[in-house]
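Geometric and topological summary
These are the residues of each chain, in order.
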Amino acid sequence: MSNPRRSRPPTPDRSVRHTPQAPTRAQPLSPGERVDAHRHDDHQIVYADSGVLAVTTDAGTWFAPGTRAIWVPAGTVHAHRAHGRLDLHLIGLPADDNPLGLDAPTVLAVSPLLRELILAYTRSPEDDSPERGRLLAVLRDELRSSPQQPLRLPTPADPRLVAVCAVLRADPADPRTLAELGRATGAGERTLSRLFRTELGMTFPQWRTQARLYHALLLLADGVPVTTVAHRCGWSSASAFIEVFRRAFGHTPGAHRPAKVTPDALAPEPSAGASSPA
């Protein structure tokens, strides 16, 4: 996908929380729990080892199941939302420490080694021992070799695109072609096709597939059966859905069944925002 739109730099806004230092820690999030819009002066690595984590900026939504992490550059205004119960692992890096050389949010593949490094580094954030410093050095090396993943759903700005994308986000199974959607929303097919490429950096079929995969991840995190997810998201069969999902994530949808938890392990109902800033 070419020319992804970068997250816009933050503008002064009293409604956006500013936490200069990005925290390094682990914190649980309940299903549906949010961390409202905020920004840091540091870079941040955001990882959830279960469920699905969505990070949203004004440029779009980046989504990551347990095999992916999200890089959030310094200064980016962003919000988190948990889909399914998850443990959120956060690692802050100074603004002059950018091992990836990235200036826009990016989803990264998480290898088994990188996963263990993230879990270990966030386990004792107050530890300033030389051993932990060496752990961070290995983590940074592993980050550099992590493949970038196109798990992003860009947010449109043009009203004609907004109308079409809203239809498909409300019902990913809507089978209408771009021409049919254009007639329903008052825009021409050629114009819409051009806008998808120039504004969102992808074709209409690519955006529709991303929207369907995102919706599928959310349903899977809620424990919806794979066959039901396939039909709700617009695939003609479970096998067709499984093949597209496997190509996108490297494994089948069955790997995303939520872990069973006991009633005592369940957190209270989430409030409007997380209790701790991220």
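Read on for an overview of the structure. (Residues numbered from 1 in each chain as written. Predicted model: local features only at pLDDT ≥ 70, side-chain atom pairs only at ≥ 80, totals over all residues. Heavy atoms only, no water.)

Some remarks on the overall build of the protein
Operational definition: Under the DSSP-based scheme used, a helix requires at least four consecutive residues in state H or I and a strand at least two consecutive residues in state E, with every element numbered from the N terminus. Relative accessibility under 20% of the residue-type maximum defines a buried residue, over 50% an exposed one, and the middle range a partly exposed one, all with a 1.4 Å probe and only protein chains included. Residue contacts are counted whenever heavy atoms from the two residues lie within 4.5 Å of one another. Only the protein chains shown count as cover for residues, and the accessible areas themselves come from Shrake-Rupley with a 1.4 Å probe.
Counting its secondary structure elements, the protein contains eight helices and twelve strands. For the protein, with 278 residues in total, the buried portion stands at 47%. When contacts within the protein are restricted to residue pairs at least 6 apart in sequence, long-range pairs at least 24 apart make up 74% of them. Total accessible area on the protein stands at roughly 13300 Å², and carbon and sulfur atoms take up 52% of it.

Brief notes about the packing of helix H4 (residues 178-185) against helix H5 (residues 189-200)
The line we're drawing: Throughout, an axis means a line fitted to C-alpha atoms (over the contacting stretch in the case of helices), and angles, computed between N-to-C directions, take values from 0 to 180 degrees. An angle below 35 degrees is read as roughly parallel, one above 145 as roughly antiparallel, one from 65 to 115 as roughly perpendicular, and any other as oblique. Throughout this entry, Asp, Glu, Lys and Arg are counted as charged residues, while Ala, Val, Leu, Ile, Met, Phe, Trp, Tyr, Cys and Pro are counted as nonpolar. The remaining residues, Gly among them, count as polar.
Axis separation between H4 and H5 bottoms out at 9 Å; the angle between their running directions is 105°. As judged from the angle between their axes, H4 and H5 are roughly perpendicular. Between H4, through Leu178, Ala179 and Gly182, and H5, the contact on the second element is made entirely by Glu189, Leu192, Ser193 and Phe196. The residue makeup of the contact of H4 with H5, split by class, is four nonpolar, two polar and one charged.

Digging into the sheet that holds strand S2 (residues 25-29)
To keep things clear, this is the line we draw: When DSSP finds at least two bridges between two strands, those strands are taken to pair.
As summarised here, the arrangement of the six strands in space is S2-S9-S4-S7-S10-S11, forming an open sheet in which the pairing is antiparallel. Each edge of the open sheet carries a strand with a single partner, namely S2 and strand S11 (148-149). Bridge analysis of strand S7 (residues 68-72) against strand S10 (residues 106-109) gives four bridges, and the strand direction is antiparallel. Looking at S10, one finds that Ala69 is bridged to Leu108.

Some words on the packing of helix H1 (residues 112-123) against helix H2 (residues 130-144)
The criterion, for reference: We call a crossing left-handed when the near helix sits turned anticlockwise from the far one by less than a right angle, and right-handed when that turn is clockwise.
H2 packs onto H1 with a crossing angle of 145° between their chain directions and a minimal axis gap of 10 Å. Crossing angle aside, the handedness with which H1 passes H2 is left-handed. Contacts between H1 and H2 involve Leu113, Leu114, Leu117, Ile118, Ala120 and Tyr121 on the former and, on the latter, Arg132, Leu135, Leu136, Val138, Leu139, Glu142 and Leu143. Taken together, the residues that form the contact of H1 with H2 break down as eleven nonpolar, no polar and two charged.

Considerations on the nonpolar core
Defined as follows: Here, nonpolar core refers to any group of buried Ala, Val, Leu, Ile, Met, Phe, Trp, Tyr and Cys residues whose side-chain atoms link them within 4.5 Å.
Counting 55 residues, the largest nonpolar core has Phe196, Trp207, Val229 and Phe241 as its most contacted members. Considering every element that reaches this core, the biggest residue donor is helix H6 (residues 204-221), with eleven residues. Once you skip the residues sitting within four places of it in the chain, Trp207 turns out to touch Leu153, Pro154, Cys165, Leu168, Arg169, Phe196, Leu200 and Met202.

Some details on H5
Side chains that are three or four residues apart share a direction in an α-helix, a result of its 3.6 residues per turn. To keep it simple, the criterion reads: In a helix, the anticipated span is given by 1.5 Å times the number of residues less one. To obtain the arc, one takes the directions from the helix axis to the C-beta atoms.
For H5, with twelve residues, the first-to-last C-alpha span of 16 Å sits near the 16 Å given by 1.5 Å per residue. What H5 keeps buried is the set Leu192, Leu195, Phe196, Glu199 and Leu200. Looking straight down H5, one finds its buried side chains confined to an arc of 105°; they lie on one side. Exposed residues lying more than 90 degrees from the buried face of H5 are Arg190 and Thr198. Where H5 is buried, its residues touch strand S12 (152-154), helix H3 (159-170), H4 and H6. Count one or two residues on from H5 and you reach Gly201, which has phi positive near 75°.

As for the packing of aromatic side chains
Threshold: Put simply, two rings from Phe, Tyr or Trp (the six-membered ring, in Trp's case) pair if the centres are within 6.5 Å, and we call them stacked under 30 degrees between planes, edge-to-face over 60, tilted for the rest. By the criterion adopted, a ring carries a charge over it if an Arg CZ or a Lys NZ lies within 6 Å of its centre and within 35 degrees of its normal.
Scanning the model with the defined rule gives six aromatic pairs in all. With 5.3 Å between their ring centres and 65° between their planes, Phe196 and Phe204 make a pair best called edge-to-face. Side by side, Phe196 and Phe204 carry an identical accessibility label, which is buried. Ring geometry for Trp235 against Phe241: centres 4.9 Å apart, planes inclined by 45°, an arrangement best described as tilted. In this structure Trp235 comes out as buried when scored by relative accessible area, which is 11%. Ring pairs connect the aromatic residues Trp235, Phe241, Phe245 and Phe249, which therefore count as one cluster. The cationic tip of Arg132 hangs over the ring face of Tyr121; the distance from NZ or CZ to the ring centre is 3.7 Å.

Quick look at the sheet that holds strand S3 (residues 34-39)
If you walk across this open sheet you meet the six strands as S1-S3-S8-S5-S6-S12, and the pairing is mixed. The open sheet has two edge strands with one neighbour each: strand S1 (17-18) and S12. Its contacts with the sheet put H6 on strand S5 (52-57), strand S6 (60-64), strand S8 (78-83) and S12, and the angle it makes with S12 is roughly 125°.

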